[in-house]
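Single-letter residue listing:
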Amino acid sequence: MPEFRLYNTLSRTVQPFVPADGETVRFYSCGPTVYDPAHIGNFRTFLFNDLLRRALRLEGWNVAQVQNLTDVDDKIIRRAESTGKTIIEVTEPITEIFHKDRRYLRIEDAEEYPKATTHIPEMIALVETLLEKGVAYKAEDGSIYFAIDRFPGYGKLSRLDAREVKSGARVAQDDYTKENAQDFALWKAAKPEDEATGAAWDAPFGRGRPGWHLECSAMAMKYLGETLDIHCGGIDLVFPHHEDEIAQSEAATGQIFSRFWCHGEFLQIDGTKMSKRLGNITTVKDLRERGVSAAALRHFIYSTHYRKQMNLSGTGLEASLEAVRRVGEFAHRLETARGGTPELAVAAREGEQAFRTALREDLNAPEAVAALFTFLQKANAELDRKGGDASSLAEARRVFALMDSVLDVQPRAQRVVVGPDRVEPDPASLPDLEPPELEQVRWAVGRLRDRLAARAQRDFAASDAIRAEVEERGFVVKDTPGGTQLERWR
């Protein structure tokens, strides 16, 4: 069987990958800092993680994935202090939004979602170990710092030249946008704002709170052991976050912290030209309100390799909306077909081979998407021939299900039938509709009733104008014998 290969940031090369035990991939992915809802750029990274998880399982491996939730850090404390809340009161609602958004985008559940605030004992134990080993020290302000000049391997992930590091310099705050080649905080001595917001804990070395980097190391090793198979995150986390994770983890255990480091590139949002209908989408809530399905965003994200930057554009999203509509139509056709041709089975097997090959070569999602649509094109041509071979049809269904189990770009339609005297089902009964989405559906139903009235008066120009107006809002309108059908893809 061909090798499964991944780009390893540590080696700067694409390397063959197998889990250390040959069975289960121990996989850690950096999650959100829950003080504001994650934006689409964050979710590009989480969708990359989701694709990797599914591709690993396609290879026959089990996956044990841990994704942390950072619910104590400087930004959270500042937000809590400014609003008169505790850090838990700030983070709990945002955590709920994250999971809601994640499920909407069909990102599979990780095995564990540990929160920093519920793993303080593990972090304290790690700091004690580092103090005992002499690679950490207590500063005058009572905080504990990691001395990078006492860890010879510092800089191996980011390729930082250790000679440029300022020995003895310290960073008091974990600012995600900074790249400080200096000693970093493991444990920060409690300040009045920490105490006021519930962000301080007792420890043998002094009351305080964990540094950002410490959280991930402690939680990763608790659930996955001293050596991980894969550690993922956005490209912006290579330094200092992941570099510091390596230093504190390997200094504590003497073992390699992670065999592979995989990083996703940025999704550019600001400054891009969006379409009039889609507007400036930045969050999943914005996306939902503008009628962009989860399937369409997944298709859009996977149309660019995870190690290449991409721009969020209205034109690109419109193209993805059309692409997944084709996927949905093909899925329906495949489900209702009565037979195929021998060539249909050939197209299926060729499509599967191309699909697997693409994913095995550093998770080449654009090539995998291309393999799916090539298969759709060939399969549609064979279905047009109306063959009666049941085994070929079964093979095509198997391959399509396999491809979609990884990409998950088949849209799920929500339908409302609008007749002169009825609306079925009640839009309020549609699953998971946000209030703005519900209002849009109700608006569309009202306009379709106006359309029925126009058609009854044979005012077809007005009827066509109303249909165009409704479809401009992201709906699909179909006239059927049972009434006018309003569709929105999910």
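Residues numbered from 1 in each chain as written. Predicted model: local features only at pLDDT ≥ 70, side-chain atom pairs only at ≥ 80, totals over all residues. Heavy atoms only, no water.

S.K.: How would you summarise the overall build of the protein chain if you had to cite specific residues and measurements?
M.R.: Scanning the protein chain for helices and strands turns up 15 helices and 16 strands. Once the C-alpha set of the protein chain is aligned to its principal axes, its extents read approximately 85 × 55 × 35 Å. Each of the 490 residues in the protein chain was classed as buried or not, and the buried ones make up 56%. The long-range share in the protein chain, meaning contacts at least 24 apart out of those at least 6 apart in sequence, stands at 76%. Of the accessible surface of the protein chain, which amounts to about 20,900 Å², a share of 48% is contributed by carbon and sulfur atoms. (Helix = DSSP H or I, 4+ residues; strand = E, 2+ residues; numbered from the N terminus. Buried < 20%, exposed > 50% of the residue type's maximum accessible area, 1.4 Å probe, protein only. Contact = heavy atoms within 4.5 Å. Areas by Shrake-Rupley, 256 points an atom, 1.4 Å probe, with all protein chains shown as cover.)

S.K.: Outline the pairing of strand β13 (residues 413-419), supporting the account with residue identities and numerical values.
M.R.: A large share of β13 lies buried, amounting to five of its seven residues. Where β13 meets strand β14 (residues 422-424), three bridges bridge the pair, whose relative direction is antiparallel. Each residue of the ladder has a partner; that of Val-417, found in β14, is Glu-424. (Pairing = 2+ DSSP bridges.)

S.K.: Before we move on, could you go through the sheet that holds strand β4 (residues 62-67) and cite the residues and values that matter?
M.R.: One open sheet accounts for four strands, arranged β4-β3-β9-β10; its pairing is parallel. Only two strands of the sheet have a single neighbouring strand rather than two, namely β4 and β10 (258-264). On average, each strand axis in the sheet is inclined to that of its neighbour by 20 degrees, with strand direction left out of account. For strand β9 (residues 228-234) and β10, the ladder comprises six bridges, and the chain directions are parallel. Along β10, the bridge assignment pairs Leu-228 with Ser-258. Contacts from helix α6 (residues 212-224) reach β3 (24-29), β4 and β9 within the one sheet, and its direction differs from that of β3 by about 160 degrees. (Axes fitted to C-alpha atoms, helices over the stretch in contact; angles between N-to-C directions.)

S.K.: Tell me about the nonpolar core, residues and numbers included.
M.R.: Core analysis: the largest hydrophobic core is formed by 80 residues, its most contacted members being Ile-230, Phe-355 and Phe-375. Setting aside chain neighbours within four positions, we find Ile-230 in contact with Leu-6, Phe-17, Val-25, Arg-26, Phe-27, Tyr-28, Leu-52, Leu-56, Ser-258, Phe-260 and Cys-262. Counting 49 residues, the second-largest nonpolar core is a separate cluster that includes Tyr-28, Cys-30, Val-72 and Ile-77. (Core = buried A, V, L, I, M, F, W, Y, C linked by side-chain atoms within 4.5 Å.)

S.K.: How would you summarise the pattern of salt bridges if you had to cite specific residues and measurements?
M.R.: Here the structure, examined in full by the defined rule, presents 41 salt bridges. One salt bridge connects Asp-229 with Arg-259, and the closest N-O pair in it is separated by 2.6 Å. Remark: Arg-259 occurs in strand β10 and Asp-229 occurs in strand β9; sequence separation between them is 30 residues. Here Asp-229 falls in the buried class, since its relative accessible area comes to 0%. For Arg-385, the salt bridge identified is with Glu-382, shortest N-O distance 2.8 Å. Relative accessible area serves as the criterion here: at 51%, Arg-385 is assigned to the exposed category. Bridged by salt links that share partners, the residues Asp-50, Arg-53, Arg-54, Arg-57, Arg-106, Glu-108, Glu-111, Arg-298, Asp-408 and Arg-412 form one connected network. (Salt bridge = Lys/Arg side-chain N within 4 Å of Asp/Glu carboxyl O.)

S.K.: Which residues make up the environment of Ala-413, and what are the values?
M.R.: Examined against the element boundaries, Ala-413 turns out to sit in strand β13. Between the C-alpha atom of Ala-413 and that of Arg-325, which follows or precedes it by 88 residues, the distance is 9.7 Å.

S.K.: Kindly report on the side chain of His-242, identifying the contributing residues and their values.
M.R.: Mapped onto the elements of the fold, His-242 is located in helix α7 (residues 238-253). A polar contact is formed between the side chain of His-242 and the side chain of His-263, at a distance of 2.8 Å. When residues no more than four places from it in sequence are discounted, the contact partners of His-242 are Cys-30, Leu-157, His-231, Cys-232, Gly-233, Leu-237, Trp-261 and His-263. (Polar contact = N/O pair within 3.5 Å; in protein donor to acceptor, adjacent residues only side chain to side chain.)

S.K.: Before we move on, could you go through the packing of aromatic side chains and cite the residues and values that matter?
M.R.: Taken as a whole and judged by the stated rule, the model has 14 aromatic pairs. An aromatic cluster is present here, built from Phe-4, Phe-17, Trp-61 and Phe-260 joined pairwise through their rings. A cation sits over an aromatic face here: Arg-307 above Tyr-7, 4.0 Å from the ring centre. (Phe/Tyr/Trp six-rings, centres within 6.5 Å; stacked < 30°, edge-to-face > 60°. Lys NZ or Arg CZ within 6 Å of the ring centre and 35° of its normal.)

S.K.: How would you explain the confidence of the model for the protein chain if you had to name every residue and give the values?
M.R.: Mean pLDDT for the protein chain: 90, with 92% of residues reaching 70 or above. Here residues 166-181 scores under 50 on pLDDT; set against residues more than four positions off or in separate chains, the count is 40 contacts. (pLDDT = per-residue confidence, 0-100.)

S.K.: Which residues make up helix α15 (residues 460-472), and what values do they have?
M.R.: The end-to-end C-alpha separation of α15 is 18 Å, in line with the 18 Å expected for 13 residues at 1.5 Å each. Positive backbone phi, approximately 100 degrees, marks Gly-474, located one or two places after α15. (Expected span 1.5 Å × (residues − 1).)

S.K.: Can you tell me about the packing of helix α1 (residues 40-58) against helix α13 (residues 390-407), naming the residues and giving the values?
M.R.: Between two packed helices, what matters for the description is the angle formed by their axes and the separation of those axes. Interaxial distance between α1 and α13 falls to 8 Å at its minimum, and their mutual angle equals 140 degrees. Across the interface between the two elements, Leu-51, Arg-54, Ala-55 and Leu-58 of α1 pack against Leu-402, Asp-404, Ser-405, Val-406 and Leu-407 of α13.

S.K.: Please set out the sheet that holds strand β6 (residues 144-146) residue by residue, giving values where relevant.
M.R.: Pairing within the open sheet is antiparallel, and its four strands lie in the order β5-β6-β7-β8. Edge positions in the sheet fall to β5 (136-138) and β8 (208-210), since each of these pairs with one other strand and no more. The sheet shows a mean angle of 20 degrees between the axes of neighbouring strands, taken without regard to direction.

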